[in-house]
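Chain residues, written in single-letter form:
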Amino acid sequence: MPSLLPIATLLAAQTSLSHYWHKLTDRTFSGIYHANAFDLAMMIPYFLVLFVLAAYGLHRYWLVYDYYVYSKNVPGPPPEINHWPRVTVQLPIFNERYVIERLVEAVSRFDYPRELLDVQVLDDSTDETCQVASACVERHAAQGMPIVYIHRTNREGYKAGALENGLKTSKGEFIAIFDADFIPEPDFLRRTIPYFVAPSDSPHDNSQIGMVQTRWTYLNRDYSLLTQVETILLDGHFVVEHGARSRRGTFFNFNGTAGVWRRKAIEDAGGWEHDTLTEDTDLSYRAQLKGWKFLYLPQIECASELPVDMNGFKAQQARWAKGLMQTAKKILPRVWRSDAPWHVKAEAFFHLTANISYPLMVVFSVMLLPVMIVRFQQGWFQMLVLDLPLFLASTCSISSFYLVAQRELRPKNWWRTFLYMPFVMATGIGISVRNAQAVMEAIIGKKSEFARTPKFNIEGKKGTFVAKKYKNKAGWMPYAEVLLGIYFAGTIVYAIMNENYATIPFLLLFVWGYLYTGLMSLGQTYFAHLRFGVNAPEMRPAATGAPGF
């Protein structure tokens, strides 16, 4: 009798599979069903949204293609130079009491000739950061560092205004910029400046190089699941996006920090402007339209600190999404009117408008359940022919995009990225509501303040942000995200009741994404206590004698 058990199990499985296959291929209603007005009102917008999302997904494949096809178009080692130019180092900060000393300490270790350095701490702070920063500057200046403290009280133009104000008194031919949460290596300037300057006997013509951008690395990538996801997202940008665009010779952007500008390029492009929230991308495109060339140097790394709280991460992503759309409205008409090659114009369009996918994703999310109901009797042939190719183009491209980046950076253990891909995709879905709001505000022209991302001096798995200032408020948005998560949980119930099992893994991404971002935003402080492997923050006196934080 025991030997019959496997046979009985196999027959039962065959019966179940046969029943499910019959349901999938049942054409009972194939000659009866006719789409009515309501069905068309659902289906037409559904396929339009899916088609646009698929177009941007195919663009990701195209970036991967360019990355490999033009792999030989990378900057070689720069020629050695004997006469170093003067460099101004700008450190724009706003209420960054936890990290400003770390930044100034890193810059003080630059091995660049001191007599050719000009360091500016551009402080727009409104809290005790002013005392911490000014004391730090005084201490380093007393030790012979060429550093000055410039404080503004009006914060006009936000970061762009601070940078423009600093240029008025700067002395350098080149401008290096570092945000408060970055820690450049001592040889940063000695490795980047030679790409601008070539000796007279060199065959290299570097006079048209307007900016060089280095690659970000992350001090706290292992801090939590969120920082692991952020690392994968940013690595995709720095490896594949920057790599493909720079290798192909299309426009790409300065990332606002960890890069060096030729001052003449800034002035020729019209200087820093603050009518968008991504002043770095705005200036980048204006400079490249003027004929300046940009270099991306992935071999030069600059360490940074990732946002560790969900609200800070969402605020950062929303600012970037809104700023890019503002830049698209401002810059794309100039790009189309320019004499740039067609592939440069096409890449600029996809680059600057990519965040339109967020409001489309929200529309797609809301429509998914009614479309499932409407299409219940349409048969699976239509879904395989129409939906599957669009789905593969719009979603699977995300996985390939980030997997390529991780394989390039971590060839020995890149395969571990597969474990994180569901979380990466779910997080991208989860932030779509907040980013969609930001994109729509940009489209209708609604202005907003520059919401900087707070940093807490957290490296590795050490430290916590729970008892620190600067945490972003949750607002009403997380409640909308939680409701969408519950909505998709109901959609899964409907799919199970109708034996539409193939859609369940896809729907689970929506449930996890919306519930994760929503609940983490609402209970970030509480959940931080539940994160395993976190060490208590180390309290120590600051180097300036100011209270330790």
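To be clear, the structure that these remarks concern was listed above.
Definitions and cut-offs
Residues numbered from 1 in each chain as written. Predicted model: local features only at pLDDT ≥ 70, side-chain atom pairs only at ≥ 80, totals over all residues. Heavy atoms only, no water. Core = buried A, V, L, I, M, F, W, Y, C linked by side-chain atoms within 4.5 Å. Buried < 20%, exposed > 50% of the residue type's maximum accessible area, 1.4 Å probe, protein only. Helix = DSSP H or I, 4+ residues; strand = E, 2+ residues; numbered from the N terminus. Contact = heavy atoms within 4.5 Å. Salt bridge = Lys/Arg side-chain N within 4 Å of Asp/Glu carboxyl O. Patch = residues over 30% accessible without salt bridge, like charges linked within 9 Å, V, L, I, M, F, W, Y side chains within 5 Å. Areas by Shrake-Rupley, 256 points an atom, 1.4 Å probe, with all protein chains shown as cover.

Counting residues in hydrophobic clusters, the biggest one holds 66 residues, and the most contacted among them are V89, L189, W261 and W272. With six residues, strand β8 (residues 293-304) is the single largest residue contributor to this core. Beyond its immediate chain neighbours, meaning those up to four positions away, V89 contacts V107, F110, L117, D118, V119, Q120, A176, F178 and L189.

Not every positive phi belongs to a glycine, and N95 is a case in point at roughly 50°. Mapped onto the fold, N95 is located in the loop between β1 (87-93) and α3 (100-108). Despite not being glycine, Y158 has its phi angle at roughly 55°, a positive value. On the basis of relative accessible area, Y158 is assigned to the partly exposed category, the value being 23%.

With that out of the way, let us pick up the pattern of salt bridges. Tallying each qualifying case throughout the model produces 22 salt bridges. The salt bridge involving E267 is made with R263; its shortest N-O contact spans 3.0 Å. Of this pair, E267 and R263 are both found in helix α8 (residues 263-268), four residues apart, which corresponds to roughly one turn of the helix. Take R263: its relative accessible area is 18%, and that puts it in the buried class.

A few words now on a nonpolar patch on the surface. A cluster of nonpolar side chains, W476, Y479, L519 and L522, forms an exposed patch at the surface whose accessible area comes to about 440 Å². When you line up the elements, Y479 lands in helix α16 (residues 477-497). On the basis of relative accessibility, which here comes to 51%, the residue Y479 falls in the exposed class.

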